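Here is what each chain is made of, one letter per residue.
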Amino acid sequence: MIVGTAGHIDHGKTALVRALTGIDADRLAEEKARGITIDLGFAYADLGGGAITGFVDVPGHEKFVHTMLAGAGGIDLALLVVAADDGIMPQTREHLAILNLLGITRGIVALTKSDLADAERIAGLTADIDDMLAATGLARAPVLPVSSLTGAGVEILRVELAKAEAATTARAADARFRMAVDRSFTLAGAGTVVTGTVLSGRVAVGDQITLSPSGLSARVRGIHAQNRKADHGLAGQRCALNLSGDQITREAIARGDMALDPVLHAPTERMDVVLHTLDSEPKPLSTWFPARLHVGAAELGARIVPLEGDLAPGAEGLAQIVLDRPLAATVGDRFILRDVSARRTIGGGHIVDLRAPSRRRARPERIAALRAMSLPDPVAALAALGDSGLVDLGGFARDRAMSPQQLDTALTASGLVIIADTSQALAPQGLAALRQQMQDALAEFHRDNADLQGLGRERLRLVLSPRLPKPDFGSFIRTEADAGHIALDGAFIRLPGHLPRLSDADEDILARILPHLTGEERFRPPRVRDFATELGVDEPEIRRILRMAARQGRIDQIAHDHFFARATTVEMVAIIRDVAAQTTDGWFTAPEFRDRVQNGRKVAIQILDFFDRLGLTLRRGDLRRINPHRIDQFTPGGSDG
């Protein structure tokens, strides 16, 4: 369990941690000289249950709230400290508001310096604290009077903390590894060390990890978990990782970086969130409102864009946050917003989408998708997203730090189906609707363009909704073609029964060409340019008509601008079979075929290359033979080419 202190300056947080653990969390000389905590302090102790509890001691001074926020992420329980002599102070309320915005619901209030107050003062202050907590996630948290000076109440507090430790449930150790870095330093004899709270997953000695957002790669040389040497660290533990790797230095790693599974490295500079503003805000938040964002241990500049109109004080709504530099984060991470002068907390919330669009960000369908993404249960979020469109499973899992096993479990429970050979999923009815859309679009195109072979792939992709990414669309249409729902024809897609139909004018031109393809010159027919000259028709028009006739199976395009009648192709197959039969081993040469059809060597080679492409002949050097598995392509009852 990780316990985080919170409370006003000089209310005894560090002294209380020392009384509980025997460790002075003030580690800096300046802290000791000034008597206040400036940076994060850490202490560890076995509170009696056999487990090691980690304490994060944070500054209480208003100027160091940003440091307090760096330590607040990832804590399991808040230890809110209120001095009995001072009572509730401004920083007490701000720290409580921050804990509430971070979604922390487990806590204990330590009424420190109780030796300086009488029973009546303790009772009155306890009632005031209960009232202050009533509207927060820490409502009904126990209030325990303690004195770090005399030791009064410390043992009772230790027992309560031990009970909380025993009741702490394990975090998502089966998820992918993430650790929020709050310190980076060099240790003599070891090298670079980073410390932080493991937010999810596990890490082991020898693992390769990535520091994000920089993208630096590192190997884990050693681990201390909860201040003890270990061979692995788990979610919910504070860990120190000894790292090695190119460019891995203390200076290269900063507070706010994330040590994580390399698969998760995908920093963002724009994200959509659910944002709750505090009642204390003087006016609504409007578009492009400047702020300081705190998430994990990171702090960076941000601009706020409410997505549903200005966000009034005390209200909650969807917003987009545009960052001034990249950030490593995960969907569901809690964040805090403070004003640019760092004097007040504005509000906070949780991240909904790390891949937010910069345009059309508030359109109704986008808002509906964000509502689905904001569901905390991944199964519910998957199902809701699938009902409204496509879900990129790779991105969904990465941005939630989900392991493959977690994704498989959630996908099964959601009822979504995967489009074959892609990472895209949608509801079964959505997939059926997508298929029907494609059928309807092709049928309409064939009705309006009977002379064309089919619809262009990219044009079809763009008319379908939801719109598949290009690689995934390629997989989708191949699967549909394999199932016989569509036919792929080069760069075009058509319905299986569709054949392009020539216009009357085109048929007239074809009728004038066909005699040249079926007479004595059938084995050496004129080319496209020859027909264009003879008929007085442009070459592109002749070429288009001949290719359409080829798609109808009436002629074959043997080579570029060289077309043969289908009957001639069948005749040439018979000649090849006869030529092969005349050899001792079935292998024949191009000249042997050329002599039978009585045309030039170049044309003979083009014809044989055509049959090679179809697989009807097999080539070895200058020799060819019949492929018995394809010989029926141009025979009655066989599949034509």
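Predicted model only: the values in this text are computed from it and were never measured. For every chain, the first residue of the written sequence is number 1, and numbering continues from 1 along that sequence. Local features in this predicted model are restricted to residues whose pLDDT is 70 or higher, and side-chain atom pairs enter the listing and the counts only when it is 80 or higher, whereas totals over whole chains, interfaces and linings include all residues. Heavy atoms throughout the structure, all of them, feed into the side-chain values; hydrogens and water do not.

Student: Would you mind showing me how to read the environment of valine 379 here?
Tutor: Under the scheme used here, helices are H or I runs from DSSP no shorter than 4 residues and strands are E runs no shorter than 2 residues, and both carry numbers assigned from the N terminus. Mapped onto the fold, valine 379 is located in helix H8 (residues 378–388). A C-alpha to C-alpha distance of 20 Å links valine 379 and arginine 366, two positions 13 residues apart in sequence. By definition, residues are in contact when any of their heavy atoms lie within 4.5 Å. Among all residues touching valine 379, those that are not within four sequence positions of it are Ala410, Ala413 and Ser414.

Student: When you look at the sheet that holds strand S26 (residues 487–489) in this model, what are you seeing that I'm missing?
Tutor: Picture the strands of a sheet paired through backbone hydrogen bonds; they go either parallel or antiparallel. We call two strands paired when DSSP finds no fewer than two bridges between them. Taken in spatial order, the three strands make up an open sheet running S25-S27-S26, and their pairing is antiparallel. Strand pairing shows two members of the sheet lacking a second neighbour, strand S25 (455–456) and S26, which therefore form its edges. Summarising the sheet, S26 and strand S27 (residues 492–494) pair through three bridges and their orientation is antiparallel. Bridged to aspartate 489 within S27 is phenylalanine 492.

Student: For this particular structure, what's the right way to read helix H16 (residues 539–551)?
Tutor: Working note: α-helix, 3.6 residues per turn, so residues spaced by three or four point in the same direction. A helix is expected to span 1.5 Å multiplied by its residue count minus one. Here H16 is 13 residues long and its end C-alpha atoms lie 18 Å apart, about the 18 Å a rise of 1.5 Å per residue gives. Burial classes follow relative accessibility: with a 1.4 Å probe on protein chains only, a residue under 20% of its type's maximum area counts as buried, one over 50% as exposed, and anything between as partly exposed. Three or more residues of H16 are buried, namely Ile542, Arg543, Ile545, Leu546, Met548 and Ala549. Note on H16: the residue one or two positions beyond its end, glycine 553, has a positive phi of about 85°.

Student: Before we go on, may I ask you to explain the pattern of salt bridges in this structure?
Tutor: Side-chain pairing between opposite charges can occur once the charged atoms of the two side chains come close. A carboxyl oxygen of Asp or Glu within 4 Å of a side-chain nitrogen of Lys or Arg is what we treat as a salt bridge. This model, assessed by the stated rule, comprises 30 salt bridges. The closest approach of N and O atoms between arginine 554 and glutamate 507, which form a salt bridge, is 3.1 Å. Remark: glutamate 507 occurs in helix H14 (residues 504–518) and arginine 554 occurs in the loop between H16 and strand S28 (555–559); sequence separation between them is 47 residues. Taking relative accessible area as the criterion, glutamate 507 reaches 28% and is therefore assigned partly exposed. Note that arginine 544 is salt-bridged to glutamate 541, the shortest N-O span being 2.8 Å. In this pair, arginine 544 and glutamate 541 are both assigned in helix H16, three residues apart and thus about one turn of the helix distant. On the basis of relative accessibility, which here comes to 32%, the residue glutamate 541 falls in the partly exposed class. The network of salt bridges with common partners includes Asp272, Asp353 and Arg366.

Student: Would you mind going over the pairing of strand S1 (residues 2–7) with me for this structure?
Tutor: Successive residues of a regular strand alternate their side chains across the two faces of the sheet. Among the six residues that make up S1, six are buried, leaving the element largely enclosed by the rest of the structure. Direction of pairing for S1 relative to strand S3 (residues 52–57): parallel, over a ladder of three bridges. From the neighbouring strand, valine 3 faces S3, where its bridge partner is phenylalanine 55.

Student: Help me out: how do you make sense of empty space enclosed by the protein in this one?
Tutor: Take a probe with the size of a water molecule and roll it over the atoms, and the empty space left behind shows itself. Points on a 1 Å grid, built from protein atoms alone, make a cavity when a 1.4 Å probe fits but cannot get out and make a pocket when they are open with protein on both sides within 12 Å along at least 5 of 7 lines; residues with an atom within 4 Å of a point are the lining residues. Grid points are joined across faces, edges and corners, and a volume is the space filled by probe spheres set on the points. Throughout the structure, instances matching the rule amount to three cavities of 30 Å³ or more. For the largest cavity, the calculated volume is near 90 Å³. Around the largest cavity, the lining comprises 16 residues; the ones closest to its centre are Leu260, Leu264, Ala328, Ala329 and Thr330. As a working rule, the residues Ala, Val, Leu, Ile, Met, Phe, Trp, Tyr, Cys and Pro are called nonpolar, Asp, Glu, Lys and Arg charged, and the rest polar, with Gly in that last group. For the lining of the largest cavity, a count of residues per class yields nine nonpolar, three polar and four charged.

Student: So what exactly am I meant to see when it comes to the packing of aromatic side chains here?
Tutor: How two aromatic rings sit relative to each other is set out by the distance from centre to centre and by the angle between their planes. Note on aromatic pairs: the rings of Phe, Tyr and Trp (six-membered ring only in Trp) are paired at centre separations within 6.5 Å, and the planes decide the class, stacked below 30 degrees, edge-to-face beyond 60, tilted for the rest. Across all of its chains, the model carries one aromatic pair by this definition. Placement of a positive charge over a ring is assigned whenever Lys NZ or Arg CZ falls within 6 Å of the ring centre and within 35 degrees of the normal to the ring plane. A cation over an aromatic ring shows up here: arginine 400 above the ring of phenylalanine 396, its NZ or CZ 3.8 Å from the ring centre.

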